[in-house]
Amino acid sequence: MNALVLLLSLAAADPAPAERLYVFSFVGEDVDDKVVGVLERAVVDAADDAGFDAVSHDEIGVLLDVEAAKQLAGCSAADSCVAEIAGSLGVARVISGKVTRLGNTTILALTLTDAKTASVVGRETIEGKTSTLRQQTPAAVRRLLGAAELPPPPEPASPALFV
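Right, let's walk through the structure included here. (Residues numbered from 1 in each chain as written. Predicted model: local features only at pLDDT ≥ 70, side-chain atom pairs only at ≥ 80, totals over all residues. Heavy atoms only, no water.)

## Some thoughts on unusual backbone geometry
Positive phi outside glycine occurs at D30, with the angle close to 60 degrees. Position of D30 relative to the elements: it lies in the loop between β2 (27–29) and α2 (33–49). Classification of D30 as exposed rests on a relative accessible area of 63%. A positive phi angle, close to 55 degrees, is found at A118, a residue other than glycine. With respect to the element layout, A118 can be found in the loop between β5 (105–114) and β6 (119–128). (Helix = DSSP H or I, 4+ residues; strand = E, 2+ residues; numbered from the N terminus. Buried < 20%, exposed > 50% of the residue type's maximum accessible area, 1.4 Å probe, protein only.)

## Comments concerning α2
For α2, with 17 residues, the first-to-last C-alpha span of 24 Å sits near the 24 Å given by 1.5 Å per residue. Among the residues of α2, V36, L39, E40, A42, V43, V44, A46 and A47 are the ones counted as buried. Positive phi shows up at G51, right after α2, with a value of about 100 degrees. (Expected span 1.5 Å × (residues − 1).)

## Let's talk about the pattern of salt bridges
Counting across every chain of the model gives five salt bridges. Note that D53 is salt-bridged to R20, the shortest N-O span being 3.4 Å. Of the two residues, D53 is situated in strand β3 (residues 53–56) and R20 in strand β1 (residues 20–23); the sequence distance between them amounts to 33 residues. Overall, D53 belongs to the partly exposed group, its relative accessible area being 29%. Residue R143 pairs with E124 through a salt bridge whose shortest N-O separation is 2.8 Å. In this pair, R143 is assigned in helix α6 (residues 130–147) and E124 in strand β6, connecting sequence segments 19 residues apart. Relative accessible area serves as the criterion here: at 41%, R143 is assigned to the partly exposed category. Classification of E124 as buried rests on a relative accessible area of 16%. (Salt bridge = Lys/Arg side-chain N within 4 Å of Asp/Glu carboxyl O.)

## What about the nonpolar core?
Counting 23 residues, the largest nonpolar core has F26, I95, L110 and L145 as its most contacted members. Broken down by secondary-structure element, the contributors of at least two residues to this core are β1, α2, β4 (93–102), β5 and α6. At six residues, the largest contribution of residues to this core is made by α2. The residues touching L110, leaving out its near neighbours within four places in the chain, are F26, V43, I95, S96, G97, G122, R123, E124, V141 and L144. In terms of nonpolar packing, the next biggest core, distinct from the first, is built from five residues, F24, V91, V94 and A115 among them. (Core = buried A, V, L, I, M, F, W, Y, C linked by side-chain atoms within 4.5 Å. Contact = heavy atoms within 4.5 Å.)

## A closer look at the packing of aromatic side chains
Applying the stated rule across the entire model yields one aromatic pair. Where Y22 meets F24, the ring centres are 5.8 Å apart and the plane angle is 85 degrees; that geometry is what we call edge-to-face. The same class applies to Y22 and to F24, which are both buried. (Phe/Tyr/Trp six-rings, centres within 6.5 Å; stacked < 30°, edge-to-face > 60°.)

So this is what it looks like as structure tokens:
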């Protein structure tokens, strides 16, 4: 009976809060701003679907514009600001992206950064016709976020001592 009560109480307990993830404003090169916005939104939605609490630049922008965020975080260049802004928002990881058009191909390059160390922990690139990138985005985001879950490489083995 006690085991049943314990199981029911565990099932009714609130799940652990989702890890907050910041999706930094994407950069577009030779691509319409609408396409960049659609792909950025697709990344936010895919991260949410993967169990993260994804916060987009647009959602933050309602409360605070980028310049104010930079001043608050104490940085000046957008690229060097990612970790500082993420830290001030209380997020552990940041996804940034670049959408580029090369001939008839559109390329979405995603980068996952650890906000505490400001180090890149994952990269994922997809390419194709602009019309198909939206469908490819969820799988790319899952791969990107899944790669970040890999354990660190093992420490080098110490030399064996023979007796």
